[in-house]
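# Descriptive structure summary
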Amino acid sequence: MGKQNSVNIWISTFQQLQEKDLRKDYGHVWSLTFQYNLVDKLTPEQKKDGWKILKMNSSGRYVCSLCSNIWKSGLIQLLFHYRSVNSKRGLVLLLLQCPQCKSTNMEKTTIEEDKIHDFLMSLITTIRKKIYKNNIQPTTLKPPKCKAVPSLPPKEKEGEKNINVWISTFQHLQEKELRKNYNCVWNINFQYDLVDKLTPEQQKNDWKILKRNSFGRYVCSLCSNIWKSGLIQLLFHYRSVNSKRGLVLLQICREQCPQCKSTNMEKPTLEEDKIHEILMSLITAIRKNCYKNNIQPTTLKPPKPKAVPLPPKGKGKQKSQNVWMKTFHFLKEKELGADYGDVWSLNFKYDLMGKPTPEQKSEGSWIFTQNSFGSFICSNCSNKWKSGLITLIFQFCLKSKRGLVLLRIFRQQCRRCKYPNLEKPTIEENEVKDSLMRLIIKIRKCCYNEKMTSNPQTRGPAITKPHESNLCEACLFGICPKSQ
């Protein structure tokens, strides 16, 4: 509660100051958001977008969420990134951190209200000076009296409510599944700097990892745009601290708004039944990995779904992936395994881009881009359309007699919907086979130095309706042949 109250004080104090000092004088609405991956140097792209930095130091106190130890620090660093988004909006990103902290569980600091007010007054003055230049006017605002923190805007309450659902659901499950059977109390905390590989020190401390993907929706805090995603990544770090306590750290993948291109990373909202399902798999993993052979079948039943069934497209996607895997398995056995004896496998990866990084080049990875023909079905209005410009990116490499192919299939949006989702295509088996045959030819040339009479040609676009670049995911990244 103390952490959340501190966050509320920062946000409510900033809202009060910007209302009376920025909105009143310039007609601009500024918002403050906490972000935990800021650095104290701006990239050239950030400078081009008008971002500016303000750094300050403060003193405050911390409370350990595991052992309740309290300590103070005079080296709390405050890092602000701020910019004017457009003629009516501004955005401030804030990072609080203590350079002395070495705990795996990063605790948030609590700073006194009068100090928060002073820091934000300095920020307001800097914004007036840097953003509005010569229009600086002396402010007459006085520090507020210590009163109850006003309620947050409704959009902030939605994200907070979803966090509470995670915590309350986990507490319910661990009470009946872990505490009842093993007399061990487990806690869950949110942390946004986790990585999907454990350090040697974490492995020594018996930390373990669980990764899951889920479906949910995002709401932009700037323009209120709503979008959905079926690839929300959830990363759990968990360990048994001692014989009576356990700790789970959870990171939920955040996304930027695709409409206003804000750098503000938005948190997703997941349905309660999905949260329950994911946490049940976590509980099972804890029982298996932390209590080993003491696994007992769970008797907990998930809550009744609130009429939020998955759209039927899910099965189609799975079937589509199976077609790619099955066809690749057949072709690689016939075209690669028989000649070279190497073992190749195919996986899907949805963050591949059109050019390999220097690190990927040094590891011997190759990128092969082509386009294919297929059909789409809108998950909102069931509109159907076809496209001959479905972009496919393959990344492949061969190491120690083992080859790996990663595939990304780019998506498209429905032209009829006001808030369309990015839909995955359905590609017929003959098209899949043609695409994979072109890939096999490329592999033989790049990995086995075979001399080909001609390079594998990408498929020419089929005759369909005119390609709309604003609805094509590959066009947004400049990878689609049409955008080039």
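Remember, it's a predicted structure, so these values are computed and weren't measured experimentally.

## Observations regarding a nonpolar patch on the surface
Residues M353, L476 and F477 make up a contiguous nonpolar surface patch of about 290 Å² in total accessible area. Secondary-structure assignment places M353 in the loop between β9 (343–348) and α8 (358–362). Since its relative accessible area comes to 33%, M353 is described here as partly exposed.

## Some words on helix α6 (residues 272–290)
The terminal C-alpha atoms of α6 lie 26 Å apart, and with 19 residues this matches the ideal 27 Å at 1.5 Å per residue to within 8%. Two residues or fewer after α6 comes K292, characterised by a positive phi angle close to 50 degrees.

## A look at unusual backbone geometry
Of note, the phi angle at N183 is positive, near 55 degrees, even though the residue is not glycine. By secondary structure assignment, the location of N183 is in the loop between α4 (154–182) and β5 (185–190). One non-glycine residue, S400, lies in the positive phi region at around 50 degrees.

## What about the nonpolar core?
W166, W186, F236, V248, L279 and L282 are the most contacted members of the largest nonpolar core, which has 42 residues in total. Of all elements in the fold, only β4 (89–97), α4, β5, β6 (208–219), β7 (226–240), β8 (245–252) and α6 reach the threshold of two or more residues within this core. The greatest single-element share of this core, amounting to eight residues, is contributed by α6. With residues near it in sequence (within four places) discarded, V248 still touches F170, W186, N187, I188, N189, F236, H237, Y238, L282 and I286. The next biggest cluster of nonpolar side chains, apart from the first, holds 31 residues, and it includes L32, L54, L96 and I111.

## Points about the confidence of the model for the protein chain
Of all residues in the protein chain, 79% attain a pLDDT of 70 or more, and the chain-wide mean is 78. With pLDDT under 50 throughout, residues 99–105 is counted as low confidence; its partners more than four residues away or in other chains account for 16 contacts. This model gives residues 295–303 a pLDDT under 50, and the stretch forms 14 contacts once residues within four places in sequence are excluded.

## Remarks on the pattern of salt bridges
Tallied over the entire structure, the rule returns 13 salt bridges. Across the pair E335 and R444 runs a salt bridge, and its minimum N-O distance is 3.9 Å. With E335 in helix α7 (residues 313–340) and R444 in helix α9 (residues 429–448), this residue pair connects regions lying 109 residues apart in the sequence. With respect to burial, E335 and R444 carry one shared label: buried.

## Re the sheet that holds β6
Pairing in this open sheet of four strands is mixed, and the strands run β5-β8-β7-β6 from one edge to the other. If you trace the sheet from one side to the other, it starts and ends with β5 and β6, each paired once. Along the sheet, successive strands turn relative to each other by an average axial angle of 25 degrees, direction set aside. Looking at chain direction, β5 and β8 are connected through six bridges and run parallel. By the bridge assignment, N187 is partnered in β8 with L247.

Rules used in this analysis
Residues numbered from 1 in each chain as written. Predicted model: local features only at pLDDT ≥ 70, side-chain atom pairs only at ≥ 80, totals over all residues. Heavy atoms only, no water. Patch = residues over 30% accessible without salt bridge, like charges linked within 9 Å, V, L, I, M, F, W, Y side chains within 5 Å. Areas by Shrake-Rupley, 256 points an atom, 1.4 Å probe, with all protein chains shown as cover. Salt bridge = Lys/Arg side-chain N within 4 Å of Asp/Glu carboxyl O. Helix = DSSP H or I, 4+ residues; strand = E, 2+ residues; numbered from the N terminus. Buried < 20%, exposed > 50% of the residue type's maximum accessible area, 1.4 Å probe, protein only. Expected span 1.5 Å × (residues − 1). Core = buried A, V, L, I, M, F, W, Y, C linked by side-chain atoms within 4.5 Å. Contact = heavy atoms within 4.5 Å. pLDDT = per-residue confidence, 0-100. Pairing = 2+ DSSP bridges. Axes fitted to C-alpha atoms, helices over the stretch in contact; angles between N-to-C directions.

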